[in-house]
Amino acid sequence: MCSVLSAVFLTSYLFIFFLFRSDYAQQRSYAIMHDAYEQMEDGNYETAAEEFQQYLDSHSSKIYWKIQEVINRNDQSTYENVKKALEECQKHLQKEQAK
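Residues numbered from 1 in each chain as written. Predicted model: local features only at pLDDT ≥ 70, side-chain atom pairs only at ≥ 80, totals over all residues. Heavy atoms only, no water.

Remarks on the overall build of the protein
So, step 1. Scanning the protein for helices and strands turns up 4 helices and 0 strands.
So, step 2. In the protein, the succession of α and β elements from N to C terminus is α-α-α-α.
So, step 3. Out of the 99 residues in the protein, the part that is buried amounts to 26%.
So, step 4. Contacts in the protein between residues at least 24 apart in sequence constitute 57% of all its contacts with a sequence separation of at least 6.
So, step 5. In the structure as shown, the protein presents an accessible area of about 7700 Å², 57% of it carried by carbon and sulfur atoms. (Helix = DSSP H or I, 4+ residues; strand = E, 2+ residues; numbered from the N terminus. Buried < 20%, exposed > 50% of the residue type's maximum accessible area, 1.4 Å probe, protein only. Contact = heavy atoms within 4.5 Å. Areas by Shrake-Rupley, 256 points an atom, 1.4 Å probe, with all protein chains shown as cover.)

This is the structure in structure tokens:
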């Protein structure tokens, strides 16, 4: 009985540990994405582009992005919306380089 309780406790502890760790990583990723939009609004396209790319690179799984899209719908954090924002930053940077 004691070993069963120990196993349940250990399993629960590990689950909670990885859940909080994943949530922390997710929140950090969202903070980068939100900062990228702020940088874009301020005209700091190079910084914004770097941060958008970092956000897109933080999750390589198509399943992740599909789940994220279903949950957040047309939120600015979806893959497609961030990709569009990144492309807009790149266009502004190309215009600046052409001057």
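Considering the nonpolar core
Across soluble globular proteins, nonpolar side chains show a tendency to be buried alongside one another.
So, step 1. Counting 17 residues, the largest nonpolar core has M40, F52, Y55, V82 and C89 as its most contacted members.
So, step 2. Residue assignment for this core shows that the elements contributing at least two residues are helix 1 (2–41), helix 2 (45–57), helix 3 (62–72) and helix 4 (79–98).
So, step 3. Sorting elements by how many residues they give to this core places helix 2 first, with 6 residues. (Core = buried A, V, L, I, M, F, W, Y, C linked by side-chain atoms within 4.5 Å.)

Re a nonpolar patch on the surface
So, step 1. Together, I63, I67 and I71 line one region of the surface with nonpolar side chains, adding up to about 340 Å² of accessible area.
So, step 2. Secondary-structure assignment places I71 in helix 3.
So, step 3. On the basis of relative accessibility, which here comes to 63%, the residue I71 falls in the exposed class. (Patch = residues over 30% accessible without salt bridge, like charges linked within 9 Å, V, L, I, M, F, W, Y side chains within 5 Å. Salt bridge = Lys/Arg side-chain N within 4 Å of Asp/Glu carboxyl O.)

Section: the packing of aromatic side chains
So, step 1. For the structure shown, the criterion picks out 5 aromatic pairs.
So, step 2. A centroid spacing of 6.3 Å and a plane angle of 35° characterise the contact between Y30 and Y55, whose relative ring orientation is tilted. Taken together, the positions of Y30 in helix 1 and Y55 in helix 2 put the pair 25 residues apart, joining distant regions of the chain. With respect to class, Y30 is no different from Y55; both count as buried. (Phe/Tyr/Trp six-rings, centres within 6.5 Å; stacked < 30°, edge-to-face > 60°.)

A short note on the packing of helix 2 against helix 4
A pair of packed helices can be characterised by two numbers: the angle between their axes and the separation between those axes.
So, step 1. In the contact formed by helix 2 and helix 4, the axes pass within 9 Å of each other and the chain directions differ by 150°. One finds that helix 2 runs roughly antiparallel with respect to helix 4. Helix-helix and strand crossings are classified by hand; for helix 2 and helix 4 the assignment is left-handed. Contact with helix 2, carried on its side by Y45, E46, A48, A49, F52, Q53, Y55 and L56, involves Y79, V82, K83, A85, L86, C89, H92, L93 and E96 of helix 4 and no other residues of that element.
So, step 2. For the contact of helix 2 with helix 4, the residue count by class is 12 nonpolar, 2 polar and 3 charged. (Axes fitted to C-alpha atoms, helices over the stretch in contact; angles between N-to-C directions. Parallel < 35°, antiparallel > 145°, perpendicular 65-115°, else oblique. Left-handed = near helix turned anticlockwise from the far one by under 90°. Nonpolar A, V, L, I, M, F, W, Y, C, P; charged D, E, K, R; others polar.)

Notes on the confidence of the model for the protein
For any part of a model where pLDDT is low, the fine detail of the predicted coordinates should not be relied upon.
So, step 1. When pLDDT is averaged across the protein, the result is 85; 87% of the residues are at 70 or more.
So, step 2. Mean pLDDT values for the elements of the protein range from 78 in helix 1 up to 96 in helix 2. (pLDDT = per-residue confidence, 0-100.)

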